[in-house]
Amino acid sequence: MSGLLSLLGWSFLPNLVTGWVQTLYYGITIRAGDPKPRPGTPRFAEHHRRIRILVVAIYLLYTIYEAHYELQLSGSYYADLDVPLNASEREIKSRFRRLAALYHPDKASTSSPESSSQDINDYFVRLKLASETLLDPVKRFAYERFGPDIHSWQRCVTIRDYVYRGAGLLVPYYGMAAAVMYGLGLLGYLDWGKYERWLVMVIMFVFEAHTVMRPGHPVFFDRVVNPVLGLLGNGYLQQPYLPFQAIALARKLSVTVAIGVSQIGPMLAADTSSGQIIVGGNKRGGDEQTLLREGLERLEHTARSLDGDASRLLEVEMAPFAGDEDMLVSMKGKIKEWLVQNTIRADPMVRDALGRSLQKRRVDAPAGAKGTK
């Protein structure tokens with residue numbers, strides 16, 4: 001649902017907000033009584049282009065933060081037990097005993113009567129599930145790479161079983177994404193940066209396959225992202241990323257950044273000299289020249305083909321008179337006269353010119369006179 005709302009937001013929010021911001025910008029920067037740039041002028045179009053780029057960039061940063069916020073808000077088993085990612089078995093057991101002493105349904109219900117028994121029981125069950133998962137090396141490996149969905153996977157016992165099951169979900173996902181992107185490209189929605197999108201998809205597939213199969217965590221998240229989150233503090237929204245969270249974040253960012261760049265990129269080279277935002281600029285003009293040249297070449301080829309067909313038909317019609325020079329000369333004269341009568345004189349402009357000439361020659365003729373002057 002959030003993905004659908006995000007796509008709807010990208011569809012209409014940039015245009016809507018750009019108009020508001022441009023109106024507010026003119027209200028702040030232009031004094032009362034001074035003329036404001038009118039729509040259809042190059043200055044108005046250039047301001048609209050720059051403000052749109054700024055709005056899309058800010059919205060892109062917001063969607064990146066929103067993706068981070070949602071992932072951090074969903075939490076993890078490590079966050080529930082408040083243990084580090086490299087916690088040992090002893091540390092996990094010790095931490096669970098302390099939390100169980102505080103949140104066991106029998107003890108928590110008496111110490112916190114305002115909390116419902118169902119909430120207390122659900123929270124304790126989650127703590128127990130987190131402890132059991134992290135204490136099992138196979139489930140711990142699978143959870144870190146595929147998330148809590150592994151609990152619904154049947155007949156998975158070894159690490160290889162979980163990896164095969166996860167890879168079986170990975171291939172259809174990217175196959176469907178490739179089919180959708182190819183279909184949108186055929187419809188003309190992904191013209192700008194279409195090759196870069198395919199490159200990003202291949203990189204994402206390799207990244208996910210490498211992440212779920214390697215024994216450790218992704219190097220970039222382990223050495224860059226997680227340490228930065230640690231420097232920001234140990235709050236609930238600064239927990240280090242697990243591999244499955246890194247994959248989810250990378251998926252969301254790849255889609256969001258692709259949409260944002262597809263809207264910013266064409267605007268960077270847009271032409272506003274005509275008072276309208278013309279995306280593509282010289283490239284578009286080059287395409288029009290190429291299409292015009294191809295059309296003229298096709299027209300020339302068609303004209304040559306028709307000329308050849310007409311010559312062959314004329315030769316077939318003149319075949320009975322071959323060898324009779326007098327008859328050929330007579331036929332050519334009659335054909336020439338027929339062309340003049342039926343082609344040249346039938347032209348509307350020629351007929352109009354002849355009519356005007358005849359009208360001028362009879363201006364001074366007496367009433368009832370016949371012929372011309």
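Residues numbered from 1 in each chain as written. Predicted model: local features only at pLDDT ≥ 70, side-chain atom pairs only at ≥ 80, totals over all residues. Heavy atoms only, no water.

**Student:** It is not clear to me how the nonpolar core should be interpreted in this structure. Could you clarify?
**Tutor:** Considering soluble globular proteins, one finds that nonpolar side chains tend to be buried as a cluster. Grouped together as the largest cluster of nonpolar side chains are 25 residues, with contacts concentrated most on Y78, L81, L134, Y143, F146, I150 and Y162. Put simply, the parts of the chain that give this core at least two residues each are helix 3 (77-81), helix 4 (89-103), helix 6 (117-135), helix 7 (137-146) and helix 11 (243-268). Once residues within four sequence positions are removed from consideration, Y78 is found in contact with V83, P84, L85, L134, R140, Y143, E144 and L242. (Core = buried A, V, L, I, M, F, W, Y, C linked by side-chain atoms within 4.5 Å. Buried < 20%, exposed > 50% of the residue type's maximum accessible area, 1.4 Å probe, protein only. Helix = DSSP H or I, 4+ residues; strand = E, 2+ residues; numbered from the N terminus. Contact = heavy atoms within 4.5 Å.)

**Student:** What should I look at first to understand the pattern of salt bridges in this one?
**Tutor:** Any two side chains of opposite charge can pair, on the condition that their charged atoms come close. Evaluated as defined, the whole model comprises 13 salt bridges. For R95, the salt bridge is made with D82, and the minimal N-O distance between the two is 3.7 Å. In this pair, R95 sits in helix 4 while D82 sits in the loop between helix 3 and helix 4, placing the two residues 13 residues apart along the sequence. Classification of R95 by relative accessible area gives partly exposed; the value is 25%. Residue R251 pairs with E208 through a salt bridge whose shortest N-O separation is 2.7 Å. Of this pair, R251 sits in helix 11 while E208 sits in helix 9 (residues 194-213), and the two are 43 residues apart along the sequence. The class for R251 is partly exposed, based on a relative accessible area of 25%. One connected set of salt bridges, linked through shared partners, spans E46, R49 and R50. (Salt bridge = Lys/Arg side-chain N within 4 Å of Asp/Glu carboxyl O.)

**Student:** Is there a simple way to explain helix 7 in this structure?
**Tutor:** Most of helix 7 sits inside the fold, with seven of its 10 residues counted as buried. Among the residues of helix 7, those classed as buried are R140, F141, A142, Y143, E144, R145 and F146. Where helix 7 is buried, its residues touch helix 3, helix 4, helix 6, helix 8 (159-186), helix 9 and helix 11. The opening residue of helix 7, the one whose side-chain oxygen lies 3.1 Å from the backbone nitrogen of V138, is D136. Just beyond helix 7, the residue with positive phi is G147, at close to 85 degrees. (Polar contact = N/O pair within 3.5 Å; in protein donor to acceptor, adjacent residues only side chain to side chain.)

The values are spatial; any link to function lies outside them.
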